[in-house]
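# Examination of the molecular architecture
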Amino acid sequence: MKKYLYSSFLLIILFLMTSCATALDRASQAVEEGNYDQALIEYDAALAEELSGEDKFAALTGRAWVYNQQGKTTDALADYATALTVTNDDGAPAGDIRSVYRSRI
């Protein structure tokens with residue numbers, strides 16, 4: 001009985017640890033399929049969890065890209081700006097911010 005409970009506990013922990021990455025994977029898949037509304041749902045789900053810096057950066061910049069594709073430039077800029085705070089490499093989001101501003105002109 002103890003082995004069963006311990007195994008069940010480990011499976012639950014493993015599931016909880018991978019749920020964020022799964023949401024990011026589902027978001028990427030939705031983007032590839034052109035389903036931007038579903039991608040936003042998945043990015044929001046990922047960002048609701050506690051993410052590593054790299055995963056948070058990926059979720060923020062991914063969601064910002066989707067927002068920009070939908071013409072929601074204010075939301076895109078906000079996510080890109082937040083992404084700047086979670087990474088030491090500010091080149092990518094800074095370049096993305098510039099491209100969003102250029103698309104508004």
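See the structure above.
Residues numbered from 1 in each chain as written. Predicted model: local features only at pLDDT ≥ 70, side-chain atom pairs only at ≥ 80, totals over all residues. Heavy atoms only, no water.

Next up on the list: the pattern of salt bridges. Per the stated rule, a full pass over the model turns up three salt bridges. Residues Arg26 and Glu42 are paired through a salt bridge, measuring 2.9 Å at the closest nitrogen-oxygen approach. Residue Arg26 is located in helix α1 (residues 2–32), and its partner Glu42 is located in helix α2 (residues 36–47); the two are separated by 16 residues in the primary sequence. Residue classification places Arg26 among the partly exposed positions, given a relative accessible area of 40%. Salt-bridge contacts for Arg63 lead to Asp44; the nearest nitrogen and oxygen are separated by 2.6 Å. Within this pair, whereas Arg63 is found in helix α3 (residues 53–69), its partner Asp44 is found in helix α2, the two being separated by 19 residues in sequence. (Salt bridge = Lys/Arg side-chain N within 4 Å of Asp/Glu carboxyl O. Helix = DSSP H or I, 4+ residues; strand = E, 2+ residues; numbered from the N terminus. Buried < 20%, exposed > 50% of the residue type's maximum accessible area, 1.4 Å probe, protein only.)

Counting across every chain of the model gives one aromatic pair. With a centroid separation of 5.7 Å and an interplanar angle of 85°, the aromatic rings of Tyr36 and Trp65 are classed as edge-to-face. Of this pair, Tyr36 sits in helix α2 while Trp65 is found in helix α3, placing the two residues 29 residues apart along the sequence. Exposure remark for Tyr36: the relative accessible area of 23% places this residue in the partly exposed category. (Phe/Tyr/Trp six-rings, centres within 6.5 Å; stacked < 30°, edge-to-face > 60°.)

As a further point, take helix α4 (residues 73–85). Here α4 contains 13 residues, and its C-alpha end-to-end distance of 19 Å stays within 8% of the 18 Å for a straight helix at 1.5 Å per residue. Here α4 has its buried residues at Thr73, Ala76, Leu77, Asp79, Tyr80 and Ala83. Taken end-on, α4 shows its buried residues confined to a sector of 165°, consistent with a single buried face. Seen from the buried face of α4, the exposed residues on the opposite side, beyond 90 degrees, are Thr74 and Thr85. (Expected span 1.5 Å × (residues − 1). Arc of directions from axis to C-beta.)

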